[in-house]
Amino acid sequence: LEVDPQPEVSVLETDTSKCRGASYRLTASYDNTSRIPIWQSTGRAELAGFDDISSEDKVVSTNYTPSDKEEDEERFTAKVRAVNNGACPRAVDSVTVNIKPVPRPDFSTDNQGCPPFDGAYNNKTTISEGGRISGYEWKLGNGQRTEAETPQTTYQSPGQYTVSLQAFSAQGCEATMTKEDFIQVSKKPEIDFAADPILTTINASEVDFDNLSSGDNKPLTYQWRLGRQERTGAITTSAEAPDYRYS
């Protein structure tokens with residue numbers, strides 16, 4: 001009479017929670033088996049093998065990314081099974097893992113202007129029900145870092161600035177939003193113009209103005225003040241290069 005030993009398998013995880021979107025490392029030990037253990041989760045119907053196998057230590061492990069359904073249900077259960085070649089029943093162990101909500105960082109501000117440009121940030125970070133945001137870390141692109149919820153900063157020089165916001169949850173999860181070249185600070189326009197003719201008479205009073213202004217932030221808009229008339233007041237126009245007949 002030959003008696004086969006009972007197969008043994010044990011899930012080794014002590015961490016029974018993970019952040020949403022992250023993979024989970026499933027590890028198990030086994031003994032008295034002639035076959036390498038296999039595993040299955042509530043999110044997949046088929047049995048699967050382990051990626052990493054140490055026959056000497058009798059430990060197996062694999063990374064598992066939960067299915068969308070498991071993420072939505074905020075938990076999943078993984079089962080590990082082991083058998084031998086005898087008539088002994090299979091050994092089973094399992095672990096149930098809770099999926100913690102992750103912050104969804106986002107932000108906005110007026111992002112175009114001339115130096116010194118003041119950026120006042122609106123924090124639009126959210127987290128799903130059951131989660132709580134515990135803190136923030138901003139990198140504002142001009143060397144300033146802050147943990148303020150809604151920071152303000154000043155950009156003193158023309159250029160493009162990349163801004164990032166990292167949000168932390170009370171459950172130990174974090175996420176980062178980075179917006180490349182988000183702040184656009186343009187050099188102030190250089191204003192210049194010429195008039196032809198400079199001297200005129202009442203009989204030939206039309207003057208052509210040549211706009212010699214330049215600037216990085218195209219298209220430029222203009223506001224001319226061409227003088228003042230007694231009856232109509234200030235003479236203004238938004239034309240790029242106006243002609244005007246004085247009377």
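Preceding block: the structure.
What counts, and where the lines are drawn
- Residues numbered from 1 in each chain as written.
- Predicted model: local features only at pLDDT ≥ 70, side-chain atom pairs only at ≥ 80, totals over all residues.
- Heavy atoms only, no water.
- Phe/Tyr/Trp six-rings, centres within 6.5 Å; stacked < 30°, edge-to-face > 60°.
- Helix = DSSP H or I, 4+ residues; strand = E, 2+ residues; numbered from the N terminus.
- Buried < 20%, exposed > 50% of the residue type's maximum accessible area, 1.4 Å probe, protein only.
- Lys NZ or Arg CZ within 6 Å of the ring centre and 35° of its normal.
- Pairing = 2+ DSSP bridges.
- Axes fitted to C-alpha atoms, helices over the stretch in contact; angles between N-to-C directions.
- Polar contact = N/O pair within 3.5 Å; in protein donor to acceptor, adjacent residues only side chain to side chain.
- Contact = heavy atoms within 4.5 Å.

Caption draft 1: Broad picture of the packing of aromatic side chains. Evaluated as defined, the whole model comprises 14 aromatic pairs. Between Y24 and F76 the ring centres are 5.8 Å apart and the planes differ by 80 degrees, which places this aromatic pair in the edge-to-face class. With Y24 in strand 3 (residues 24–31) and F76 in strand 7 (residues 75–82), the pair connects residues that are 52 residues apart, well separated along the chain. Ring geometry for F107 and Y121: centres 6.0 Å apart, planes at 70 degrees, overall edge-to-face. With F107 in strand 9 (residues 107–108) and Y121 in the loop between strand 11 (117–120) and strand 12 (122–123), this residue pair connects regions lying 14 residues apart in the sequence. For F107, a relative accessible area of 1% translates into the label buried. An aromatic cluster is defined as three or more aromatic residues linked by ring pairs; in this entry it consists of Y24, W39, F50, Y64 and F76. K179 extends its terminal NZ or CZ atom over the ring of F107, reaching a point 4.5 Å from the ring centre.

Caption draft 2: Expanded view of the sheet that holds strand 2 (residues 17–19). In space, the four strands of this open sheet follow the order 2-8-7-4, with mixed pairing throughout. Two strands in the sheet have a free side with no partner beyond their single neighbour: strand 2 and strand 4 (38–41). The sheet shows a mean angle of 25 degrees between the axes of neighbouring strands, taken without regard to direction. Where strand 4 and strand 7 come together, four bridges link them in antiparallel fashion. Residue pairing for strand 7: Q40 is matched across the bridge by K79.

Caption draft 3: Structural context of the side chain of T153. Mapping T153 onto the fold places it in strand 15 (residues 152–155). A distance of 2.9 Å separates the side chain of T153 from the side chain of N142, its partner in a polar contact. Once you skip the residues sitting within four places of it in the chain, T153 turns out to touch F117, D118, G119, Y121, L140, N142 and Q144.

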